[in-house]
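Architecture and fold: a report
The chain contents come next:
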Amino acid sequence: MKHKIFAANWKMYKTPQQTQEFFKKFLSYDLKGDIFFFPPALCLSSALDETKNSNIQIGIQNIYTKAEGAFTGENSARTAQEMGCSTVLVGHSERRTLFHESEILSEKLQYAQSLGLKVVFCVGETLEQRENNQTEKILTEQLQSGLRKAQAQNLIVAYEPVWAIGTGKTATSQQAEEAHRFISQWLEKNNFQNVPILYGGSVKPENAPELISQPHISGFLVGGASLDPESFKKICSV
Ligand code: PGA
């Protein structure tokens, strides 16, 4: 049976109080599989407190490449780890586009892994790139550049087509499977064995069962539908 992974990316949604309310409800469900939450940095303490007696893993959405220093506004991975975070999100398309991150991604990834943190590394093409048949070229470039200093251990890759994020347009299960197969082959060729690949982009309780039935899809990275405990529970139950 497939070992499934479900990850919730809350982006800049929820306050500490809303975080508490979410987990009061979510923890009442009996769920299996590996479940990760990436709350906003200012809600990490609440999320860690609420989940301390559960198997849920808490991660941070963004880190800087140093343990400490004069980097106003940045998050230290070492601090996040000391607080109890196990995982870091790197390469999300919102970080790539809105915050112009590209070269720095491999540094962030390497630094997080050097501390023993897990990394969920995101890749994905824009609509224009897909329409110009550049999907595989873009995925290759993002994998080559982002993973150049990475280890297979403690690595999870997330395929998130940019055109499907927050738009309500999910990739069809066939489109997703094709991209996942391509990523999986690239990873194996480059000595990253047994790295799970999550799909992200408008995952909902309605489309999750068909997507998870695809051979190369190990689980999901969920934005909008992870903000409601009931809907994320349904996704985690597929
Ligand atoms: P979405 O976001 O599920 O709201 O499309 C996914 C993501 O950005 O990780």
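Keep in mind that what you see is a predicted model, and the values were worked out from it rather than measured.

**A closer look at the overall build of the protein chain**
Secondary structure assignment for the protein chain yields 10 helices and 8 strands. Counting all 238 residues of the protein chain, 52% fall into the buried class. Sequence separation of at least 24 residues holds for 73% of the intrachain contacts in the protein chain that already meet a minimum separation of 6. When the accessible surface of the protein chain is totalled, it reaches about 11500 Å², and 48% of it is carbon and sulfur. Looking at the protein chain, you have 24 positive and 25 negative side-chain charges, and the mean spots of the two groups are 2 Å apart.

**Some words on the packing of aromatic side chains**
According to the stated counting rule, one finds 15 aromatic pairs in the structure shown. Here the aromatic rings of Phe22 and Phe23 are separated by 5.2 Å at their centres, their planes lie at 80°, and the arrangement is edge-to-face. Judged by relative accessible area, which is 2%, Phe22 ranks as buried. When the ring of Trp186 is compared with that of Phe192, the centres are 6.2 Å apart and the planes differ by 15°; the resulting orientation is stacked. Classification of Phe192 by relative accessible area gives buried; the value is 7%. Members of the aromatic cluster, each reached through a chain of ring pairs, are Trp10, Phe22, Phe23, Phe26, Tyr29, Phe37 and Phe232. Over the aromatic face of Trp10 sits the side chain of Lys14, whose NZ or CZ is 5.2 Å from the ring centroid. Between the NZ or CZ atom of Arg95 and the centre of the ring of Phe99, over which it lies, the distance is 4.1 Å.

**Quick notes on the site of the ligand**
In the neighbourhood of the ligand, 13 residues make up the surrounding shell, with Lys11, His92, Glu160, Gly166 and Ser202 lying closest. A distance of 2.7 Å is found between an oxygen atom of the ligand and a side-chain nitrogen or oxygen belonging to His92. At 2.9 Å, a backbone N or O of Gly223 approaches an oxygen atom of the ligand. The fraction of the free accessible surface of the ligand (290 Å²) that becomes covered by protein chains is 95%. Residue composition of the shell around the ligand, by class: 4 nonpolar, 7 polar and 2 charged.

Basis of the calculations
- Residues numbered from 1 in each chain as written.
- Predicted model: local features only at pLDDT ≥ 70, side-chain atom pairs only at ≥ 80, totals over all residues.
- Heavy atoms only, no water.
- Helix = DSSP H or I, 4+ residues; strand = E, 2+ residues; numbered from the N terminus.
- Buried < 20%, exposed > 50% of the residue type's maximum accessible area, 1.4 Å probe, protein only.
- Contact = heavy atoms within 4.5 Å.
- Areas by Shrake-Rupley, 256 points an atom, 1.4 Å probe, with all protein chains shown as cover.
- Lys, Arg positive; Asp, Glu negative; His and termini not counted.
- Charge placed at Lys NZ, Arg CZ, Asp CG, Glu CD.
- Phe/Tyr/Trp six-rings, centres within 6.5 Å; stacked < 30°, edge-to-face > 60°.
- Lys NZ or Arg CZ within 6 Å of the ring centre and 35° of its normal.
- Near = heavy atom within 4 Å.
- Polar contact = N/O pair within 3.5 Å; in protein donor to acceptor, adjacent residues only side chain to side chain.
- Nonpolar A, V, L, I, M, F, W, Y, C, P; charged D, E, K, R; others polar.

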